[in-house]
Amino acid sequence: MSAHTGQRGRDRRSLAVFDLDIAVTRSDWLLAALCLTCIAAAICLRPERYLRLSIQYFGTFLSVLPVLLVVGLGLAALMYGRPTPTRFMVRVLRERGPAAARVVLLFFLGITAFTTFRITIPEIVPYYADPKLAELDLWLHGIDPWVWTHRIVSEPASMLVFKAYMSWWFMQWFGVMLFVAFWNNPVRRIRYLWAFALTMIFCGAVLATMLSSTGPIFYDRFYGGDRFAGVLDALLADPHALPVRFAANYLLDAHDSGRSRLGTGITAMPSMHVAIATLNAFFLTGFGRRSAFAGWSFAALILFGSVYTGWHYAVDGYLSILVVSAIWYLTGRFLLPQASQDTVGMDLPLPEPVSQ
């Protein structure tokens, strides 16, 4: 290769890096503007509710975030920071800390807005969609799907389903978000953050309002009758279902009393559990077959658990999968398309993890 050709290659490489940096920065600012707009909308909608929830979430973040940070950085240091893990952790915090702090701050403000919207949904659109969703479930499956799930999984194997849905899902949600906050792959990082924000907006606010519903576990409470008495009896009979019963009572008490509490708001369609698990499955697919298998297996377990626990109709999860799949495709197709193609075509190194 001649010196002239090599120089042109270096110039093209430098130009691609410059274009990528500009594109990522622009996209980052647009995403921040979108999130701040949604946050402002929640504040304008119910300012007292947003303030009360923000105080509660702040306390939770203050107690949980340091633990997650230490555990996450510790694991990363063991994998990538040998033989000086402490130096690795300090370097990660120095190089990626400010960017991660912005993500965490927006996540904190956004999750407060999300809960504000969820609590407010029945005040805007009273619950109405459950009878139609239940009939659609019955028509698609020939039987209420919760019946089928309880036939194939019973106690004590049910413990796995309840643990995954009520505990492990939250660990995956916050774990992936914290990893992305510190990640230094600009294209894949901004794609995930955009997809996450759009998932929360469209699934958690827009569609949840349009299809205002309670889910099977609350069906009889809000609509009368005993249409889903069987799923309630099944949950009462299973000792591993105690967290589900506790959470259901917590949500009902908050709804009936009108108090704004951490993580409250009764909405079923679409399923946010399935939506986030699906999004993370798409994300993990980019790390190879093993990660893809783990991600999609967990998403399938969460879909199953959403029906098994009585929180959702099966169609709630199906819609979540369709919407998130569309969001993931569109963010990959139209977000930073030229910058991504240029850098991939040149095999530009995007260090992951932080270089030592």
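Residues numbered from 1 in each chain as written. Predicted model: local features only at pLDDT ≥ 70, side-chain atom pairs only at ≥ 80, totals over all residues. Heavy atoms only, no water.

**Considering the nonpolar core**
To keep it simple, the criterion reads: The criterion is simple. A nonpolar core is a set of buried Ala, Val, Leu, Ile, Met, Phe, Trp, Tyr and Cys residues joined through side-chain atoms within 4.5 Å. Buried, partly exposed and exposed residues are distinguished by accessible area as a fraction of the type maximum, computed with a 1.4 Å probe on protein chains only: under 20%, between the cut-offs, and over 50%, respectively. Secondary structure is summarised from DSSP: a helix means a run of H or I of at least four residues, a strand means a run of E of at least two, and numbering begins at the N terminus for each. It only takes one pair of heavy atoms within 4.5 Å for two residues to be counted as in contact.
In this structure, W173, Y192, F196, M200, F218, I302 and W311 are the most contacted members of the largest nonpolar core, which totals 74 residues. In terms of residues, this core owes the most to one element, helix α6 (residues 158-182), which gives 13 residues. In contact with F218, not counting residues within four places along its chain, are A248, L251, L252, I266 and W311. By size, the runner-up hydrophobic cluster in this structure holds 12 residues, among which are L133, Y219, V231 and Y313.

**A look at the packing of aromatic side chains**
How we decide: The aromatic pairing rule takes the rings of Phe, Tyr and Trp, using the six-membered ring of Trp, and pairs them if the centres are within 6.5 Å, calling planes under 30 degrees apart stacked, those over 60 edge-to-face and the rest tilted. Consider the ring centre and the ring normal. A charge sits over the ring if Lys NZ or Arg CZ is within 6 Å of that centre and within 35 degrees of that normal.
Overall, the coordinates contain 28 aromatic pairs when judged by the stated rule. With centroids separated by 6.0 Å and ring planes inclined at 70°, the aromatic side chains of W148 and F304 adopt a geometry described as edge-to-face. Taken together, the residues W148 in helix α5 (residues 145-152) and F304 in helix α12 (residues 289-308) connect sequence positions 156 residues apart. Exposure remark for W148: the relative accessible area of 46% places this residue in the partly exposed category. Between the aromatic rings of F283 and F287, the centroid separation amounts to 5.3 Å while the plane-to-plane angle is 70°, which identifies the pairing as edge-to-face. Its relative accessible area of 36% is what places F287 among the partly exposed residues. In this structure, R188 is placed above the aromatic ring of F287, and the distance from its NZ or CZ to the ring centre is 4.6 Å. When the ring centre of F222 is taken as reference, the NZ or CZ atom of R221 above it lies at 5.2 Å.

No statement about biological role is implied by the geometric values presented.
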